[in-house]
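Chain residues, written in single-letter form:
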Amino acid sequence: MTLEHVDVLIVGAGLSGIGAAAQLRSHLPHRSVAVLESRAASGGTWDLFRYPGIRSDSDMFTFGFAWRPWPGDQALADGPAILDYLRTVSQEYGVEELIRFRHTVTAADYDTAAACWTVTVRTPEGEQRLTTDFLWACAGYYDYEQGHQPDFPGLADFEGAFIHPQHWPEDLEYAGKKVVVIGSGATAVTLVPAMAAEAEHVTMLQRTPTYVLSRAGRDPVARRLGSVLDRVPDWVAFRSARERVGFGAARWANIAMIIASYQIARRRPERMKQIVRAGVLAQLTGDERTAGLAPGEAEEYVERHFTPPYEPWDQRLCFVPDGDLFEAIRAGRASVVTDRIRTFTAKGVQLESGDTLEADIVVSATGLRIRLFGGLDLTVDGEPRPFNEAMAYKAMMLSGIPNFAFTIGYTNASWTLKADLVADHVVRLLGHMERLGHRQVLVERDPSVEERPFMGLTSGYITRALDRMPSQGDRAPWALKQNYLVDLRVLRAGRLEDGPVRFS
Ligand SMILES: Cc1cc2nc3c(=O)[nH]c(=O)nc-3n(C[C@H](O)[C@H](O)[C@H](O)COP(=O)(O)OP(=O)(O)OC[C@H]3O[C@@H](n4cnc5c(N)ncnc54)[C@H](O)[C@@H]3O)c2cc1C
């Protein structure tokens with residue numbers, strides 16, 4: 001039986017898959033493309049997560065696609081607005097009709113002689129197989145079925161509601177309730193002020209503090225440019241050019257800020273700590289309009305709850321729009337407790353310090369379970385190719401696995417900055433192969449290149465998964481720079497036929 005064949009097969013219809021397919025549609029419209037998506041809807045992360053307050057913590061000028069301006073000057077956008085943007089892009093670029101929902105790619109075997117993958121797909125109608133020249137994993141970085149859930153002692157005794165943000169119950173009532181949010185990452189700092197608006201009180205219970213920075217919800221550059229550009233006559237032909245200028249300026253201002261602040265954090269961590277600390281202190285004490293904690297009390301609060309024991313960017317920094325977390329703390333609607341859980345009780349949580357926290361609802365914002373490349377089992381000519389034996393090349397291909405690319409965004413900047421560059425590079429690569437009649441591209445590992453961990457962060461969710469990840473190398477093009485300007489040069493303008501790449 002002849003199997004259905006597509007030229008390029010994309011796994012996942014989230015931000016990366018939609019962006020990848022749109023780029024292929026725009027630049028290689030004659031190539032056939034299918035996007036296989038396990039879920040019944042597109043949007044990935046932005047469709048899955050439904051907890052109160054869900055929003056980006058990246059600015060939308062860099063989190064939106066470079067080629068499709070994010071409308072308006074809202075820097076941090078809410079989940080529904082992001083989902084709407086992604087689905088609009090998907091419609092506009094003809095991606096929607098390429099997506100096959102409820103299609104989970106489980107395995108793929110590459111046949112070297114035929115230069116072709118045979119892909120196994122689980123569907124509601126049973127297992128299917130199809131073939132493709134090029135396999136592109138845009139499957140995110142975490143397990144969609146289950147988040148990370150530590151084993152809390154006594155949890156079975158707890159009589160309230162216990163929730164993981166990855167599976168938020170649509171009908172959860174929290175108005176007037178006592179809520180404990182366990183965690184201190186991006187999800188916890190989003191949930192706390194959002195729930196505090198209605199709950200009796202929300203306590204953020206953290207084991208370890210996180211660096212938290214307030215940033216303007218509306219982007220200052222986009223806002224100022226918007227008001228200047230608004231004075232320019234509103235001719236229809238001029239309108240989109242005007243929007244693009246505004247978007248481009250806001251985008252580059254944000255890129256510059258992201259790179260500069262990351263470089264300061266890594267090169268002068270003490271300076272960065274001072275900046276963050278001063279920001280939190282100012283937020284907690286408030287000003288003449290918004291009274292906050294007394295100066296001594298605020299100092300102590302910062303010391304106990306906002307002073308992490310690690311360097312900035314060893315783990316992700318958290319951004320909160322217009323200081324909403326601190327506003328909730330100032331108003332007494334939310335508080336932070338830094339302690340460890342001894343056990344759950346019927347009425348709440350008992351802590352190692354001996355204190356107890358009463359709770360009607362406990363939200364376990366304890367993070368994700370990392371799962372890379374959609375959990376695919378890859379084989380080449382029937383031989384398994386475990387990911388942890390491969391080395392990543394330019395953080396978008398894997399040594400020893402032909403005709404395969406993956407999209408994984410930055411951890412220190414907007415995911416999309418990297419996703420766009422990878423899409424650009426894959427499109428260029430496929431065009432190059434087509435022009436020269438190559439059917440296979442393979443990256444060969446260089447034994448002189450030393451292994452480094454694939455992701456440099458020390459966060460628990462990363463370290464727990466490092467042994468299942470590929471490695472990166474100690475030098476270009478194997479090293480993952482986490483720097484947009486470097487990648488811009490390497491991925492957008494760099495040579496395709498460099499050292500370890502073999503075309504045939
Ligand atoms: C709550 C939350 C907030 C975030 N906020 C930000 C932010 O502000 N800025 C930022 O840069 N990043 C953020 N991230 C990271 C975020 O995941 C990325 O920015 C981006 O949405 C990832 O898009 P993606 O398409 O690569 O992956 P996903 O959004 O995870 O989409 C992957 C898709 O692939 C599908 N899939 C997976 N495996 C298979 C398979 N085997 N077969 C078929 N389909 C499969 C999934 O069902 C899913 O639809 C956030 C993440 C979370 C969880």
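The paragraphs below set out a description of the structure included in this document.

Basis of the calculations
- Residues numbered from 1 in each chain as written.
- Predicted model: local features only at pLDDT ≥ 70, side-chain atom pairs only at ≥ 80, totals over all residues.
- Heavy atoms only, no water.
- Disulfide = S-S within 2.5 Å.
- Core = buried A, V, L, I, M, F, W, Y, C linked by side-chain atoms within 4.5 Å.
- Buried < 20%, exposed > 50% of the residue type's maximum accessible area, 1.4 Å probe, protein only.
- Domains from an automatic or database assignment.
- Contact = heavy atoms within 4.5 Å.
- Pairing = 2+ DSSP bridges.
- Helix = DSSP H or I, 4+ residues; strand = E, 2+ residues; numbered from the N terminus.
- Axes fitted to C-alpha atoms, helices over the stretch in contact; angles between N-to-C directions.
- Phe/Tyr/Trp six-rings, centres within 6.5 Å; stacked < 30°, edge-to-face > 60°.
- Lys NZ or Arg CZ within 6 Å of the ring centre and 35° of its normal.
- Salt bridge = Lys/Arg side-chain N within 4 Å of Asp/Glu carboxyl O.
- Near = heavy atom within 4 Å.
- Polar contact = N/O pair within 3.5 Å; in protein donor to acceptor, adjacent residues only side chain to side chain.
- Areas by Shrake-Rupley, 256 points an atom, 1.4 Å probe, with all protein chains shown as cover.

1. Quick look at the state of the cysteines
Okay, so step 1: This structure, assessed with the given rule, holds 0 disulfides.
Okay, so step 2: You can see Cys138 has no disulfide; the closest cysteine sulfur is in Cys116, sitting 19 Å from it.

2. Examining the nonpolar core
Okay, so step 1: One finds Ile10, Leu135, Trp136, Phe306 and Phe404 to be the most contacted residues of the largest nonpolar core, which totals 154 residues.
Okay, so step 2: Here this core gathers at least three residues from each of two domains, domain 1 (4-145 + 369-503) and domain 2 (159-214 + 269-364).
Okay, so step 3: Once you skip the residues sitting within four places of it in the chain, Trp136 turns out to touch Val8, Leu9, Ile10, Val11, Ala20, Leu24, Ala405, Phe406, Thr407, Val422, Ala423 and Val426.
Okay, so step 4: Counting 13 residues, the second largest nonpolar core, distinct from the first, contains Val180, Ile182, Val349 and Val362.

3. A few points about the pairing of strand 14 (residues 348-351)
Okay, so step 1: For strand 13 (residues 341-345) and strand 14, the ladder comprises 4 bridges, and the chain directions are antiparallel. Each residue of the ladder has a partner; that of Thr345, found in strand 14, is Gly348.
Okay, so step 2: What sits between the antiparallel neighbours strand 13 and strand 14 is a turn of 2 residues.
Okay, so step 3: Both strand 14 and strand 15 (residues 356-358) contribute to a ladder of 3 bridges, which runs antiparallel. Among the inter-strand pairings, Gln350 is bridged to a residue of strand 15, identified as Thr356.
Okay, so step 4: A loop of 4 residues connects strand 14 with strand 15, the two strands running antiparallel in sequence, and Gly354 in this loop sits at a positive phi of about 100°.

4. Comments concerning the sheet that holds strand 16 (residues 361-364)
Okay, so step 1: Ordered by their spatial adjacency, 5 strands build an open sheet running 7-16-8-9-12, and the pairing between neighbours is parallel. Taken across any chain shown, the strands that pair with only one partner, and hence form the sheet edges, are strand 7 (161-163) and strand 12 (334-338). Neighbouring strand axes in the sheet, compared pairwise and without regard to direction, differ in orientation by 20° on average.
Okay, so step 2: With 3 bridges joining them, strand 7 and strand 16 adopt parallel strand pairing.

5. What about the packing of aromatic side chains?
Okay, so step 1: A complete count under the given rule lists 27 aromatic pairs for this structure.
Okay, so step 2: One aromatic cluster in this structure is built from Tyr110, Trp117, Phe373, Phe387, Phe404, Phe406 and Phe454.
Okay, so step 3: One residue, Arg215, lies across the ring of Phe319, its end atom 6.0 Å from the ring centre.

6. Remarks on the pattern of salt bridges
Okay, so step 1: All chains considered together, the criterion is met by 22 salt bridges.
Okay, so step 2: In this structure, Glu444 engages Arg502 in a salt bridge whose closest nitrogen and oxygen atoms are separated by 3.2 Å. In this pair, Glu444 is assigned in the loop between strand 22 (441-443) and strand 23 (451-453) and Arg502 in strand 25 (residues 501-503), connecting sequence segments 58 residues apart.
Okay, so step 3: Given a relative accessible area of 38%, Arg502 falls into the partly exposed group.
Okay, so step 4: Ionic pairing is found between Asp474 and Arg475, a salt bridge with its closest N-O pair at 3.1 Å.
Okay, so step 5: For Asp474, a relative accessible area of 27% puts it in the partly exposed group.
Okay, so step 6: By relative accessible area, which is 37% here, Arg475 ends up partly exposed.
Okay, so step 7: Several salt bridges converge on common partners, so that one network encompasses Arg39, Asp47, Arg50 and Arg87.

7. Concerning the site of the ligand
Okay, so step 1: Around the ligand, a shell composed of 34 residues is seen, among which Ser16, Glu37, Asp57, Ser58 and Tyr144 lie nearest.
Okay, so step 2: Contact distances for the ligand include 2.6 Å between a nitrogen atom and a side-chain N or O atom of Ser58.
Okay, so step 3: One nitrogen or oxygen atom from the side chain of Arg371 is found 3.4 Å from a nitrogen atom belonging to the ligand.
Okay, so step 4: If the ligand stood free it would expose 980 Å²; the protein chains cover 96% of that surface.
Okay, so step 5: Contributing elements (two or more residues each) for the shell around the ligand: helix 1 (15-27), helix 2 (45-48) and strand 4 (104-111).

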